[in-house]
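A structural walkthrough
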Amino acid sequence: KEKIEITKEQQALMKIILDAYNRHQIPQDVAKKLLQDQYSAEENFLLLTEMATSQVQVLVEFTKNIPGFLSLDHEDQIALLKGSAVEAMFLRSAQVFSRKMPKGHTEVLEARIRKSGISEEFMTPMFNFYKSIGELHMVQEEQALLTAITILTPDRPHVKDQHAVERLQESMLDVLRKLCALQHPQEPQYFARLLGRLTELRTLNHYHTEMLTSWRMNDHKFTPLLCEIWDVQ
Ligand SMILES: CC(C)NC(=O)n1c(-c2ccccc2)cc2c1CN(S(=O)(=O)c1cccs1)CC2
């Protein structure tokens with residue numbers, strides 16, 4: 001049985017990523033707002049806009065703390081952020097949704113999201129993803145590393161130096177692989193299951209583009225930051 005050990009520098013890397021991930025949580029008050037009294041579809045939509053906008057700011061700060069990211073070509077940094085923003089939003093949503101919440105809160109949260117002007121056809125894949133992430137019961141380190149791995153996807157549109165991104169992603173993947181083997185010794189397939197979620201995540205990009213079109217049709221407004229990161233309007 002091969003002995004898996006996380007090296008000193010890998011431990012340092014994991015600590016940096018985890019601290020960055022924990023430091024940049026969505027303001028709890030915004031998430032709590034979703035659980036308060038009855039909201040109209042309009043108000044639910046505005047709340048999601050507020051949450052998604054604050055998550056993009058959180059994402060940028062988290063990304064800046066990924067070791068090596070700021071040494072990448074500046075245009076590639078932008079391309080990676082824009083290319084991963086929607087996936088990072090869905091990943092964060094799944095993590096928020098599957099978080100242990102007081103009795104009945106998850107159902108209220110689901111009801112608010114379902115009543116926010118998003119067409120029915122996108123609800124099923126979106127909630128299936130939230131549930132498939134929830135079933136993994138990821139620890140914080142795994143969530144943080146998976147988010148960093150998503151951001152460091154080399155084949156995003158307009159990335160020039162894909163090898164530089166690949167090298168950073170590979171060092172994250174190596175730490176995650178070891179962490180999974182140590183955290184889930186009875187489940188040798190656990191690491192592969194995590195990476196499978198990233199494939200499912202990519203399909204949600206397509207749904208999101210469709211969602212945007214249908215919102216635009218009903219004259220829904222987004223914040224300048226969301227328009228910028230999603231390349232709309
Ligand atoms: C935690 C944050 C990042 N999640 C979030 O904002 N959610 C959540 C969500 C999921 C679980 C728990 C709490 C919230 C569901 C949805 C969104 C945002 N999007 S959006 O970005 O397309 C959007 C923006 C404006 C109008 S629609 C729509 C779907």
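Structural data are supplied above this passage.
Bear in mind that the values here come from a model prediction, so they are computed numbers and not experimental data.

**Examining the site of the ligand**
The local shell around the ligand holds 20 residues, among which Thr49, Ser93, His208, Trp215 and Trp230 are the closest. Separating a nitrogen atom of the ligand from a side-chain N or O atom of serine 93 is a distance of 3.0 Å. Note that an oxygen atom of the ligand is positioned 2.9 Å from one of the side-chain N or O atoms of histidine 208. Protein contact buries 100% of the 600 Å² of open area that the ligand shows by itself. At the level of secondary structure, the elements contributing two or more residues to the shell around the ligand comprise α3 (41-64), α4 (74-97), α5 (105-114), α6 (120-134) and α9 (190-217). Ranked by the residues each element gives to the shell around the ligand, the list is headed by α3, at six residues. Here the shell around the ligand is composed, by residue class, of 16 nonpolar, four polar and no charged.

**What to know about the pattern of salt bridges**
Tallied over the full model, the rule gives 14 salt bridges. In this structure, the salt-bridge partner of glutamate 75 is lysine 160, at a minimum N-O distance of 2.6 Å. Remark: lysine 160 occurs in the loop between α7 (140-151) and α8 (162-183) and glutamate 75 occurs in helix α4; sequence separation between them is 85 residues. Classification of glutamate 75 by relative accessible area gives exposed; the value is 56%. Note that arginine 197 is salt-bridged to glutamate 200, the shortest N-O span being 3.1 Å. Taken together, the residues span about one helical turn, with arginine 197 and glutamate 200 both in helix α9 at a distance of three residues. Take arginine 197: its relative accessible area is 18%, and that puts it in the buried class. Each of Glu110, Arg114, Glu120 and Lys131 takes part in salt bridges that share partners, so that together they form one network.

**Focus on the packing of α7 against α8**
As a packed pair, α7 and α8 sit with axes 10 Å apart at the nearest point and diverge in direction by 155 degrees. By the angle between their directions, the pair α7 and α8 is classed as roughly antiparallel. The crossing of α7 and α8 is left-handed. Residues Glu141, Glu142, Leu145, Leu146, Ala148 and Ile149 of α7 pack against Gln169, Met172, Leu173, Val175, Leu176, Leu179, Cys180 and Gln183 of α8. A breakdown of the residues in the contact of α7 with α8 according to their chemical character gives 10 nonpolar, two polar and two charged.

**Overview of the packing of aromatic side chains**
Enumeration according to the criterion identifies seven aromatic pairs in this entry. Here tyrosine 21 and phenylalanine 62 contribute two aromatic rings whose centre-to-centre distance is 6.0 Å and whose plane-to-plane angle is 75 degrees, an arrangement assigned as edge-to-face. Taken together, the residues span a long stretch of sequence, with tyrosine 21 in helix α1 (residues 8-23) and phenylalanine 62 in helix α3 at a distance of 41 residues. The pair tyrosine 21 / phenylalanine 62 is uniform in exposure class, with both members buried.

**Brief notes about the environment of alanine 79**
Mapped onto the elements of the fold, alanine 79 is located in helix α4. A residue is classified by how much of its surface remains accessible, and alanine 79, at 10% relative accessible area, is buried. Spatially, the C-alpha atom of alanine 79 lies 9.8 Å from that of isoleucine 229, the residues being 150 residues apart in sequence.

What counts and how
- Residues numbered from 1 in each chain as written.
- Predicted model: local features only at pLDDT ≥ 70, side-chain atom pairs only at ≥ 80, totals over all residues.
- Heavy atoms only, no water.
- Near = heavy atom within 4 Å.
- Polar contact = N/O pair within 3.5 Å; in protein donor to acceptor, adjacent residues only side chain to side chain.
- Areas by Shrake-Rupley, 256 points an atom, 1.4 Å probe, with all protein chains shown as cover.
- Helix = DSSP H or I, 4+ residues; strand = E, 2+ residues; numbered from the N terminus.
- Nonpolar A, V, L, I, M, F, W, Y, C, P; charged D, E, K, R; others polar.
- Salt bridge = Lys/Arg side-chain N within 4 Å of Asp/Glu carboxyl O.
- Buried < 20%, exposed > 50% of the residue type's maximum accessible area, 1.4 Å probe, protein only.
- Axes fitted to C-alpha atoms, helices over the stretch in contact; angles between N-to-C directions.
- Parallel < 35°, antiparallel > 145°, perpendicular 65-115°, else oblique.
- Left-handed = near helix turned anticlockwise from the far one by under 90°.
- Contact = heavy atoms within 4.5 Å.
- Phe/Tyr/Trp six-rings, centres within 6.5 Å; stacked < 30°, edge-to-face > 60°.

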